[in-house]
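# Observations on the model geometry
Here is how the chains run, residue by residue.
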Amino acid sequence: MGLFAVAPAHAEGPVPLIPALQPPPVAASPVPPPAAIVAPAHPSSAPSTASTAGATTDWMATLGTLERQSVGRVLAARGYVVEPDPTGKVIGEVHIYNENVFAEKNRYLQFFNHFHHTTTEAAIAKELVIGKGEVWDQQRVEETARRLRDPLWTSVVAVIPVVAKDPAQVDLLVVTRDVWSLRLNTKYAFYADNKIKKLTNLTISLSENNFLGRRAVLAAGFAMDQSEVSTGPIFIDKNVAGEHLDLRVRANALYNRDALIQRGTLDREGSDSSISLSRPLWSLASKWGWGATFGHTYAVSRSFIGTNVRTYDNPDTPDVVEANPYVYQSKVIVGSASVTRQWGDNSLKQTLALGYEATSQRELPFKFDGDAAARAAFIRDVLPRTEVTSGPYISYGGFRARYRTLRNLSTYDLGEDARFGPDYSLSLSTGLKLLGGDADYVRGTASAGWTLPWCRDGFVRLSGTVSMRRQPGLDLGHKYIDNSSSTTLRVATPIRWHGRIVFQSQLSTRWNETQNRFYTIGSDSGLRGFVIDEFRGRRFFSTQIEARSIPIPIWVLRVGGVAFYELGGAANALDHLPLHQDVGVGFRALIPQTSRELFRFDFAFPLDGKQAGALRFLAGFESAF
């Protein structure tokens, strides 16, 4: 279990199967941005303890079930006593205790600890943003917990004050629990109805996720989607030489899936690779960050509807019905470098980034069957634009550094970090012929959002983004191309009656599109009762509602269920956008010692269309939205 992601609801085309390998944005805040506030909650969830500074605090009550169990074992083993009020005291000592993966008193489970290299105390100490000799600062203590709460390595994190030898001081206790590292990671997505049963995605990696106990990943990866199979080595080190340098390297050979599955032959179709080295803004106090990346992809791209390749009918020949598959050869090379400056206090953190990016994108029909006119139409209507871009960019953003730890939204029982308040970003990128690009253009992008807390452990978030490219000299009757905008409303109610309601609605549109990009919806991408990417267009609408239970502990498992309703569709015009509906139920399970990600099993029933009422089954990882 570990490294894989299902395509987002509004995306089409290849999606990185191993998001951990994507270089972290240098200008990002040190925890997930508000847009990723698929953040969490449990009856024991508590607001930020910063609000209780200066008063006696029940620190154990601020922790989740697994965290309380781990801290309780540490307190008993080492004889520490929790300090109720550390306000104004200097930190005397920092105590780090990293539990075994299987810390429960079960000799059969503890046997597996022999196959895990526990993270060293030194590696954990390098992630702390507060330490010995500094005055207790609750916001920096909580930031330390957020830094340590990395899904690649850690399942449990607790940072609390304990009584020091000197009554005028306080000691800092850091308790962590590794995710089992030496393992065969597997992730998959399975689709089934009354006609089709297919493993649509599969990722396997034989990895050491905690190489030498230094929180680095060394793996041999295998990933399969409906189009291709990729295999190759992976290396991730987020703290090279203890200098907070983030190094990620990946290289893959790409093979045709059908040739491998149906004929057992290795039909190589290309390769891809990426390497990035950056120094992210690793803490809220960081002032400077930088990064550089390089990558390439030589691949055969395919677009699917259900489990079959989508076909193209040339509109210029209405009397002839063609069925040319959406298959083309893609060659992309990307390089970039940037530097970022961060300033401001926690009421408004601001970042300014300057960088340069160059991209070469070449798209060609792959084994196309047709005459020159048909080929030209296929290139016009299906392929992304072949283009070289080269130019500098600038971006500016801001956010309020206000956080809360919630539980039981995207995972079970484990702490997840949510950021509240406003956030915004503005960017301006250019393409210049002077620097080797094919065209002179300017692209502007703006996004903004606001996340509001709802009682103890819920939230409401409204966000939007718009992007436009101005390129004079086009023979299109307008100067703006490849424009898009999107608005999203996401709501998670506080937990009541052992569960919560999660709601998400999104409206997106593209106009003056020259890259032949579309939104798709169907199956995992938004309507679980319909076939994979059944509907597509330049206008997209989706509403999803789930009633999610809190977890039930069974041995090492956490299990629960959901009931859901979905409404959505995609088309080329909003006034001709048919909306479809489905309902269903699902089962969720988590083994926190091996992964932070849920097992997901869904049974969905479409309420309209030719297959209305037909059962569809999907299995995979992570929450649906």
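Residues numbered from 1 in each chain as written. Predicted model: local features only at pLDDT ≥ 70, side-chain atom pairs only at ≥ 80, totals over all residues. Heavy atoms only, no water.

### What about the nonpolar core?
- Of all hydrophobic cores here, the largest spans 14 residues; its most connected members are Ile91, Trp136, Val141, Leu148, Val159, Leu172 and Val174.
- Counting only elements with at least two residues in this core, the list comes to β1 (90–99), α4 (138–148), β2 (154–163) and β3 (169–178).
- Every residue in contact with Ile91, bar those within four places of it in the chain, is listed here: Ile130, Gly131, Lys132, Gly133, Glu134, Trp136, Val170 and Leu172.
- Within the second largest apolar cluster, 11 residues are counted, among which are Val71, Val162, Leu173 and Val175. (Core = buried A, V, L, I, M, F, W, Y, C linked by side-chain atoms within 4.5 Å. Buried < 20%, exposed > 50% of the residue type's maximum accessible area, 1.4 Å probe, protein only. Helix = DSSP H or I, 4+ residues; strand = E, 2+ residues; numbered from the N terminus. Contact = heavy atoms within 4.5 Å.)

### Focus: the sheet that holds β3
- Strand order across the open sheet formed by 3 strands is β1-β3-β2, with mixed pairing between neighbours. Each edge of the open sheet is held by one strand with a lone partner, namely β1 and β2. With direction set aside, neighbouring strand axes in the sheet form an average angle of 15°.
- Where β1 lies against β3, 8 bridges are found, and the strand directions are parallel. When the sheet's bridge partners are listed, Asn98 is paired in β3 with Thr176.
- Contacting β1, β2 and β3, helix α1 (residues 65–78) runs over the sheet at an angle of about 120° to β3.
- Where α4 meets the sheet, it contacts β2 and β3, and its direction lies at approximately 155° from that of β2. (Pairing = 2+ DSSP bridges. Axes fitted to C-alpha atoms, helices over the stretch in contact; angles between N-to-C directions.)

### Here's the deal with the pairing of strand β7 (residues 228–240)
- Note: strand β6 (residues 216–224) against β7, 9 bridges, orientation antiparallel. When the sheet's bridge partners are listed, Ala220 is paired in β7 with Pro233.
- As consecutive antiparallel partners, β6 and β7 are separated by 3 residues.
- Examined bridge by bridge, β7 and strand β8 (residues 245–256) share 9 bridges and lie antiparallel to one another. If you follow Ile234 over to β8, its bridge partner there is Arg250.
- Here β7 hands over to β8 after 4 residues, with Ala241 in that stretch at a positive phi of 55°.

### A few points about α1
- Here α1 is 14 residues long and its end C-alpha atoms lie 20 Å apart, about the 20 Å a rise of 1.5 Å per residue gives.
- By the burial criterion, the buried members of α1 are Leu66, Glu67, Ser70, Val71, Val74 and Leu75. Taken around the axis of α1, the buried residues stretch over an arc of 165°, which confines them to a single face.
- Along its buried surface, α1 packs onto β1, β2, β3 and β28 (557–571). (Expected span 1.5 Å × (residues − 1). Arc of directions from axis to C-beta.)

### Remarks on empty space enclosed by the protein
- The full count for this structure, using the stated rule, is 2 cavities of 30 Å³ or more.
- Approximately 70 Å³ is the volume attributed to the second largest cavity.
- If you go around the second largest cavity, the residues you meet are Asn408, Leu409, Thr411, Tyr412, Glu546, Arg548, Ser549, Val562, Arg588, Leu598 and Ser623.
- For the lining of the second largest cavity, the leading source of residues is strand β26 (residues 539–549), giving 3 residues.
- By residue class, the composition of the lining of the second largest cavity is 4 nonpolar, 4 polar and 3 charged. (1 Å grid on protein atoms, 1.4 Å probe; cavity = no way out; pocket = protein on both sides within 12 Å on 5 of 7 lines; lining within 4 Å. Points joined across faces, edges and corners; volume = space filled by probe spheres on them. Nonpolar A, V, L, I, M, F, W, Y, C, P; charged D, E, K, R; others polar.)

### Focus: helix α6 (residues 372–381)
- If you check which residues of α6 are buried, you get Ala374, Ala377 and Phe378. Angularly, the buried residues of α6 cover 100° about the axis, an arc narrow enough to put them on a single face. Exposed side chains of α6 directed beyond 90 degrees from the buried face belong to Ala372 and Ala373.
- Where α6 is buried, its residues contact β13 (311–312), β14 (324–325), β15 (327–343) and β16 (349–365).
- Capping the start of α6 is the job of one residue whose side-chain oxygen sits 3.3 Å from the backbone nitrogen of Ala373: Asp371. (Polar contact = N/O pair within 3.5 Å; in protein donor to acceptor, adjacent residues only side chain to side chain.)

### Focus: the packing of aromatic side chains
- One pass over the full model with this rule turns up 12 aromatic pairs.
- Geometrically, the ring pair formed by Phe599 and Phe621 is tilted, given 5.1 Å between the ring centres and 40° between the ring planes. Residue Phe599 is found in strand β30 (residues 599–606), and its partner Phe621 is found in strand β31 (residues 616–621); the two are separated by 22 residues along the sequence.
- Aromatic rings pair up to connect Tyr312, Tyr326, Phe368 and Phe378 into one cluster.
- Between Arg146 and the ring centre of Tyr403, over which it is positioned, the NZ or CZ distance is 3.6 Å. (Phe/Tyr/Trp six-rings, centres within 6.5 Å; stacked < 30°, edge-to-face > 60°. Lys NZ or Arg CZ within 6 Å of the ring centre and 35° of its normal.)

### What about the pattern of salt bridges?
- The full count for this structure, using the stated rule, is 27 salt bridges.
- For Arg385, the salt bridge is made with Glu387, and the minimal N-O distance between the two is 3.1 Å. (Salt bridge = Lys/Arg side-chain N within 4 Å of Asp/Glu carboxyl O.)

### Observations concerning the side chain of Asn483
- Residue position: Asn483 is located in strand β22 (residues 480–492).
- With sequence-adjacent residues up to four places away left out, Asn483 is seen in contact with Ser467, Met468, Arg469, Thr509, Arg510, Trp511 and Asn512.

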